[in-house]
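Residues per chain are reported as follows:
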Amino acid sequence: MPFRKVQRLLLSLPLICLLTVQITRAQEGTNSNLPKLQNPISVQYLQKKLKKAGPKLVLNPKIEKNLIKRLKTDPVVRNLYKAIQANAVEIQKEPLLMRELEGRRLLDVSREMLYRMNILGMVYRIEKDPVILARIDEELKAVCNFSDWNPSHYLDVAEMSMAVAFGIDWAGEALPSSTVELAKVSLIEKGIKPSYNEKGNTWWVGGSNNWNQVCHGGMVAASIVTADKNPELAAKTISRALDSMPRALVAYGPDGVYPEGSTYWSYGTSFTVFTAAMFESAFGTDFGLAAFPAFLESANFRLLCNAPSGWYYNFADCSDKRSQQGDITLAWFASKTGNKAFFEEDRFLAPADNMGKLGRNAGAGLVWVSQYKEKEDQEVPLAWKGDGENPIVIFKSPTGDPNQYYFGGKGGSGTVNHGNMDGGSFVFELNGVRWSIDTGNQKYHTLEETGFDLWHNCQECDRWTLLTKNNFGHSTLSVNGQHHKVDGKAIFTDFKNGDRPEASLDLSAVFEGQLKSAHRRFVKDSPISLLIEDTLEASDSTQLITWQLITVADVEIVKGGAILSQDGKQLRLENLSHPEISVSVVSLDPAPLELDRQIENLKRIELRIPAYVMNNRKTTLRVRLSGD
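Here's what I pulled together on the structure shown here. Predicted model, so just to flag it, every value in this text is computed and none were measured. (Residues numbered from 1 in each chain as written. Predicted model: local features only at pLDDT ≥ 70, side-chain atom pairs only at ≥ 80, totals over all residues. Heavy atoms only, no water.)

A grouping of Lys 65, Lys 69, Lys 373 and Lys 375 is seen on the molecular surface, where their side chains present a positively charged patch. One can find Lys 65 in helix α3 (residues 61–73). (Patch = residues over 30% accessible without salt bridge, like charges linked within 9 Å, V, L, I, M, F, W, Y side chains within 5 Å. Areas by Shrake-Rupley, 256 points an atom, 1.4 Å probe, with all protein chains shown as cover. Salt bridge = Lys/Arg side-chain N within 4 Å of Asp/Glu carboxyl O. Lys, Arg positive; Asp, Glu negative; His and termini not counted. Charge placed at Lys NZ, Arg CZ, Asp CG, Glu CD. Helix = DSSP H or I, 4+ residues; strand = E, 2+ residues; numbered from the N terminus.)

What follows deals with the nonpolar core. Soluble globular proteins tend to pack their nonpolar side chains together in the buried interior. By size, the foremost hydrophobic cluster in this structure holds 140 residues, and its most contacted members are Phe 166, Phe 283 and Trp 368. No other element matches the 13 residues that helix α7 (residues 154–171) contributes to this core. Counting 44 residues, the second-largest nonpolar core is a separate cluster that includes Ile 532, Ala 553, Ile 609 and Met 614. (Core = buried A, V, L, I, M, F, W, Y, C linked by side-chain atoms within 4.5 Å. Buried < 20%, exposed > 50% of the residue type's maximum accessible area, 1.4 Å probe, protein only.)

For the second largest pocket, the calculated volume is near 960 Å³. For the second largest pocket, the lining is made up of 25 residues, of which Leu 303, Ala 341, Val 380, Lys 396 and Thr 399 are closest to its centre. Looking at which element gives the most residues to the lining of the second largest pocket, the answer is helix α15 (residues 345–348), with 3 residues. In terms of residue class, the lining of the second largest pocket is built from 9 nonpolar, 6 polar and 10 charged. (1 Å grid on protein atoms, 1.4 Å probe; cavity = no way out; pocket = protein on both sides within 12 Å on 5 of 7 lines; lining within 4 Å. Points joined across faces, edges and corners; volume = space filled by probe spheres on them. Nonpolar A, V, L, I, M, F, W, Y, C, P; charged D, E, K, R; others polar.)

Right, let's talk about a negative patch on the surface for a bit. Taken together, Glu 345, Asp 346, Glu 374, Glu 376, Asp 377 and Glu 379 make up a surface patch of like negative charges. With respect to the secondary-structure elements, Glu 374 resides in the loop between α16 (362–371) and β1 (383–386). A relative accessible area of 47% places Glu 374 in the partly exposed class.

Moving on, we get to unusual backbone geometry. Residue Pro 254 follows Gly 253 across a cis peptide bond; omega there is -5°. Residue position: Pro 254 is located in the loop between α11 (246–249) and α12 (262–283). Positive phi outside glycine occurs at Asn 480, with the angle close to 60°. Judged by relative accessible area, which is 22%, Asn 480 ranks as partly exposed. In this structure, Asp 567 is a non-glycine residue whose phi angle is positive, near 50°.

Before going further, it helps to examine the sheet that holds strand β16 (residues 603–610). The sheet built from 4 strands is open, its strands ordered β6-β11-β16-β15 with antiparallel pairing. The open sheet terminates on both sides in strands that have one partner only, identified here as β6 (477–479) and β15 (584–587). Averaged over neighbouring strand pairs, the angle between their axes works out to 30° when direction is ignored. (Pairing = 2+ DSSP bridges. Axes fitted to C-alpha atoms, helices over the stretch in contact; angles between N-to-C directions.)

For the rest of this paragraph, the subject is the side chain of Asn 118. On the secondary structure map, Asn 118 appears in helix α5 (residues 107–127). Asn 118 gets classed as buried once you look at its relative accessible area, which sits at 0%. There is a polar contact of 3.2 Å between the side chain of Asn 118 and the backbone oxygen of Arg 360. A distance of 2.9 Å separates a polar atom in the side chain of Asn 118 from the backbone nitrogen of Ala 364. Sequence-distant contacts of Asn 118, that is, excluding residues within four places in its chain, are made with Phe 166, Trp 170, Phe 274, Arg 360, Asn 361, Ala 362, Gly 363 and Ala 364. (Polar contact = N/O pair within 3.5 Å; in protein donor to acceptor, adjacent residues only side chain to side chain. Contact = heavy atoms within 4.5 Å.)

For helix α8 (residues 177–192), which comprises 16 residues, the first-to-last C-alpha distance of 21 Å matches the rise-based estimate of 22 Å (1.5 Å per residue) to within 8%. Regarding α8, the residues found buried are Thr 179, Val 180, Ala 183, Lys 184, Ser 186, Leu 187, Ile 188, Lys 190, Gly 191 and Ile 192. The elements touched by buried residues of α8 are α6 (130–144), α7, α9 (210–226) and α10 (231–244). (Expected span 1.5 Å × (residues − 1).)

A few words on helix α4 (residues 75–91). Since the α-helix turns once every 3.6 residues, residues separated by three or four places project in the same direction. In this model, α4 (17 residues) spans 24 Å end to end at C-alpha, consistent with the 24 Å of a helix rising 1.5 Å per residue. Taken together, the buried positions of α4 are Val 76, Val 77, Asn 79, Leu 80, Tyr 81, Ala 83, Ile 84, Asn 87, Ala 88 and Ile 91. Where α4 is buried, its residues meet α3, α5, α6, α14 (328–337), α15 and α16.

The final tally for this structure, using the stated rule, is 29 aromatic pairs. Seen from their ring centres, Phe 166 and Phe 274 are 5.6 Å apart, and the 55° between their planes marks the pair as tilted. Taken together, the positions of Phe 166 in helix α7 and Phe 274 in helix α12 put the pair 108 residues apart, joining distant regions of the chain. The structure contains a cluster of three or more aromatic residues connected by ring pairs, namely Phe 166, Trp 170, Tyr 264, Tyr 267, Phe 271, Phe 274 and Trp 368. Directly above the aromatic system of Tyr 124 lies the positively charged group of Lys 128, at a separation of 5.6 Å from the ring centroid. Its end group placed over the ring of Tyr 405, Lys 524 keeps NZ or CZ at 4.4 Å from the ring centre. (Phe/Tyr/Trp six-rings, centres within 6.5 Å; stacked < 30°, edge-to-face > 60°. Lys NZ or Arg CZ within 6 Å of the ring centre and 35° of its normal.)

Bringing the pattern of salt bridges into the picture now. The full count for this structure, using the stated rule, is 37 salt bridges. A salt bridge links Asp 317 to Arg 463, with the shortest nitrogen-to-oxygen separation between them at 3.3 Å. Of this pair, Asp 317 sits in the loop between α13 (298–304) and α14 while Arg 463 sits in the loop between α17 (444–448) and β6, placing them 146 residues apart in sequence. Take Asp 317 and Arg 463: they sit in the same class, and that class is buried. Residues Arg 622 and Glu 533 are paired through a salt bridge, measuring 3.0 Å at the closest nitrogen-oxygen approach.

A separate point is the sheet that holds strand β9 (residues 515–526). As summarised here, the arrangement of the 8 strands in space is β7-β8-β9-β10-β17-β14-β13-β12, forming an open sheet in which the pairing is antiparallel. Strand pairing shows two members of the sheet lacking a second neighbour, β7 (491–496) and β12 (554–558), which therefore form its edges. If you compare each strand with its neighbour and ignore which way they point, the axes differ by 15° on average. Pairing of strand β13 (residues 561–566) with strand β14 (residues 569–575), which is carried by 6 bridges, proceeds in the antiparallel orientation.

Moving on, we come to the side chain of Asp 156. When you line up the elements, Asp 156 lands in helix α7. Salt bridges are absent for the buried Asp 156, whose nearest opposite-charge side chain, Arg 105, sits at 6.2 Å. Engagement of the side chain of Asp 156 in a polar contact is seen with the backbone nitrogen of Leu 106, the distance being 2.5 Å. Those residues within four positions of Asp 156 in sequence are excluded, and the remaining contacts are Arg 104, Arg 105, Leu 106, Leu 107, Ser 110, Trp 149 and Asn 150.

Right under this line is the structure:
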């Protein structure tokens, strides 16, 4: 191991120990205030309440009967099932899975197995095809004969456990008894038991992020299908999940914002939805998961993060663009609320042959689609603010508006899981063009294989050298060319709805030691414009304040601002407050570091304000972005 890595590891050990103690104490201090899930689980409860016959995971005889009925009468259900059938054909052309790691992860293999069991298992439930059954048998034996499911990275174990559990639950009654026995032993020995290894990677048990949701979901699935073999372990594991999941679910509060971003909402939430659905099918209750504060409300967050351009509001480690497929996880929320806004009917009715490879929850998703009954059609809010660990605000135009206005702005801090130094940043779209972009995420393994320390988030940690993670790659402010204060949290202090919505952020903590105070105000001041107003007070250390906009548009500097051009459209940037100071353009193509994500035509538009031009150390920057 290179000396620098050894040195860093040795120096970080005391800090890691200290953080572990602090996190444990914080959890002990706050657990009593957390909303709780119902938890009646015991061996006796399992023996009395756990359904004995038929499938138990997402499906049970009653749910399956309704699914078969809807397949005959509902064109949406029928079309999605047709796509599932097409996926099943493609799976059978693929080789069986092998235990091949990518870096430290087996995760792609585990996810592929969960996909295969969802698709093949659902087709088998409907058609009872012996060819499909034989393939499920082969798939199960292949992965259950792996030496292990890579417990050093427990997401891998969790997704594999859920996959194997679905395989034997949906097809087990027809599988060879030897396969079922092999699978159950594997679920216990390679799935559940390693989660009790205190020296292993089991921090997620009491964790507060998506690992908690995913890993407990996998362990619950494994426990439900092995309860007949080891009821004590099953009861202990399900009870542990019900006690521990609130530590992650509380992050949805108070308004439904998932702090890790939209695609991580899809990941963490999909496994919580899996878990709720499994509890309902197996026990007849979800033990309060759907009713957990702000969980159902998070569907609004997910929906509002879909911009007209097809991009997500891609803050945190979020992907850039969504697929053309219907949102399966959102369909579960539609089934619970009856809200048509959460049910993407047009996407589910797209030609089945054109849907491509479906998500790994598609089999279960067919059940949720079949359970949807419209009860209400709520309008998506046109101006919305969500607080919490990573607060955001969104302004948008009504559906069908030709301006296709979309704005997303955020507060938060870099210490949020998957967070960036992006307090005060924003994305902005007009006419279907994203003018102010978030540089988004980049592949973890590509960074990790170089030895890059991506996951620690101290002020001087490697993570903040990346353009996608630091403030220099976001449309925000920078002071003295320095990084934001990593644990300084930007919070919304004001929000106004209506035809001219606005939101105000206190950024002072983000610039601790750099500015005395900083406040940013976003205003949708017309259907085609956005006003950004920054009220700043310098400190003794303030030398230079830089206003930034990150874009891939072509830029022409003009008097009083700039003209941005992209996809045959134009956007005007007006420097309203300091027209005497010309904007400048810094090319970020190529990006500063070889490890940075390389984005074609990326650039940073800057407005630089030296501290010495400020009157009494105070200034207000006002910039308007407006379309034609």
